[in-house]
Amino acid sequence: MTEPADDRTLDQGAGVSELRLAAGDPSLVPQNEILRDDLPLDRNQAILEAAKQVGAILKRAEHPFALAGSVAVYAQGGTQNLQHDVDFCIRPEDADAVAGTLRESGLAVYTPPEDWLLKATCLGQQVDLIFELAHRPVSTALLERAQRLSVDSVLMPVLSPTDLLRGRLAAFSEHHCDFGAVLPIARILREKIDWDELRRDLGEAPLPAAFFFVLERLEIVPPAAASAPSAASVKEESR
């Protein structure tokens, strides 16, 4: 079940005045006449409405994509405590085509200083179109692992819980390592996450390893099996 995309947008420069329009038609889409009072009063619902509209547009154009971020966590069973924007994953090679589709649907699309995403506005909400997660390009395999779920009545592909958490953990660095933001996601989705896979992929990195330790001490996940060989030991034994 899908709903027709709403071509209406609010202030097209809201929150992105320092950005430039993405490649394509250099002119701004004419201003629409929707008033802020027409939007849901609840910010969470406003973000959901923007996710639904953009998801419907991308589906209709048959672009490969997957919902990410806090709205994806909500679709996977998390709480409706959404963050400040909507995130979609797209492949790097599809970025120009996606930007064109959104622009044709009445949305302004911007290129920020960061070279791993595009930004758009829909119903007054910021939409990030991400084509690189934790310094890795979004791949076809990642999008194919997405699960088709209902997002407030609109079906669309949503990143799997394991991939959602993998992206958060892989992004940890000495300059940005907020366990408090990721812990609720791990707790809520713990039964849907492949912990063995995450430990195998990220367990040798110090910050994800520290996060796994915290989860074990809080009894959110069971300790890794003592007999299970680490990636390092397997590599050593294969020599």
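Note: the structure precedes this text.
Below is a summary of the structure that appears in this document. (Residues numbered from 1 in each chain as written. Predicted model: local features only at pLDDT ≥ 70, side-chain atom pairs only at ≥ 80, totals over all residues. Heavy atoms only, no water.)

Looking now at the overall build of the protein chain. The number of helices and strands found in the protein chain is nine helices and 10 strands. Put simply, the protein chain has 239 residues, and 46% of those count as buried. Contacts in the protein chain between residues at least 24 apart in sequence constitute 67% of all its contacts with a sequence separation of at least 6. Accessible area of the protein chain: about 12,600 Å², with a carbon and sulfur share of 51%. (Helix = DSSP H or I, 4+ residues; strand = E, 2+ residues; numbered from the N terminus. Buried < 20%, exposed > 50% of the residue type's maximum accessible area, 1.4 Å probe, protein only. Contact = heavy atoms within 4.5 Å. Areas by Shrake-Rupley, 256 points an atom, 1.4 Å probe, with all protein chains shown as cover.)

Here Arg166 shows up in helix H5 (residues 161–170). Of the residues examined, Arg166 reaches a relative accessible area of 15% and is grouped as buried. In this structure the side chain of Arg166 is engaged in a polar contact, spanning 2.3 Å, whose partner is the side chain of Asp163. Excluding anything up to four places from it in sequence, Arg166 contacts Arg145, Glu197, Leu198, Asp201 and Leu202. (Polar contact = N/O pair within 3.5 Å; in protein donor to acceptor, adjacent residues only side chain to side chain.)

Of all 10 residues making up H5, seven are buried, and the element is well covered by its neighbours. The set of residues buried in H5 consists of Pro161, Thr162, Asp163, Leu164, Leu165, Arg166 and Leu169.

Pairing of strand E9 (residues 147–151) with strand E10 (residues 154–158) involves five bridges; the strand directions are antiparallel. The partner of Ser150 across the bridge, within E10, is Leu155. (Pairing = 2+ DSSP bridges.)

Moving on to helix H8 (residues 206–217). In a regular helix each residue adds 1.5 Å, so 12 residues correspond to 16 Å; H8 covers 17 Å between its end C-alpha atoms and thus fits that length. Those residues of H8 lying buried are Pro208, Phe211, Phe212 and Leu215. Seen along its axis, H8 keeps its buried residues to an arc of 100°; they face one direction. Set apart from the buried face of H8 by more than 90 degrees, the exposed residues are Pro206 and Arg217. Elements that come into contact with the buried residues of H8 comprise H5, helix H6 (179–188) and helix H7 (195–202). Glu219 occupies a position one or two residues after H8 and carries a positive phi of about 60°. (Expected span 1.5 Å × (residues − 1). Arc of directions from axis to C-beta.)

If you look at the biggest cluster of nonpolar residues, it comprises 60 residues, and the most contacted ones within it are Leu67, Phe88, Leu102, Leu165, Trp195 and Leu215. If you tally residues by element for this core, the top one is helix H1 (residues 43–60), at seven residues. The residues contacting Leu215, other than those within four sequence positions of it, are Leu183, Ala186, Trp195, Ile220 and Val221. (Core = buried A, V, L, I, M, F, W, Y, C linked by side-chain atoms within 4.5 Å.)

On to the environment of Leu67, then. Locating Leu67 in the fold gives a position in strand E2 (residues 66–68). In this structure, the C-alpha to C-alpha distance between Leu67 and Ile90, residues 23 residues apart in sequence, is 9.1 Å. Setting aside anything within four residues of it in sequence, one finds Leu67 in contact with Ala51, Ala72, Val86, Asp87, Phe88, Val151, Met156, Pro157, Val158 and Leu159.

So, on to the packing of H6 against H8. For any two helices packed against each other, one specifies the crossing angle of their axes together with the interaxial distance. Orientation of H6 relative to H8, taken along the N-to-C sense of each, is 55°, at an axis distance of 11 Å. The orientation of H6 with respect to H8, classified from their angle, is oblique. Two packed elements cross with a definite hand, and for H6 against H8 that hand is right-handed. Of the residues in H8, those touching H6 at Phe179, Val182, Leu183 and Ala186 are Leu207, Ala210, Phe211, Val214 and Leu215. (Axes fitted to C-alpha atoms, helices over the stretch in contact; angles between N-to-C directions. Parallel < 35°, antiparallel > 145°, perpendicular 65-115°, else oblique. Left-handed = near helix turned anticlockwise from the far one by under 90°.)

Turning next to the packing of aromatic side chains. Tallied over the full model, the rule gives four aromatic pairs. Here Phe65 and Phe88 contribute two aromatic rings whose centre-to-centre distance is 5.8 Å and whose plane-to-plane angle is 65°, an arrangement assigned as edge-to-face. Taken as a pair, Phe65 in the loop between H1 and E2 and Phe88 in strand E3 (residues 85–89) lie far apart in primary sequence, 23 residues in all. Here Phe65 falls in the buried class, since its relative accessible area comes to 5%. Relative to Phe211, the ring of Phe179 has its centre 5.1 Å away and its plane inclined at 75°; by these criteria the two rings are edge-to-face. On the criterion of sequence distance, the pair formed by Phe179 in helix H6 and Phe211 in helix H8 is long-range, its members being 32 residues apart. (Phe/Tyr/Trp six-rings, centres within 6.5 Å; stacked < 30°, edge-to-face > 60°.)

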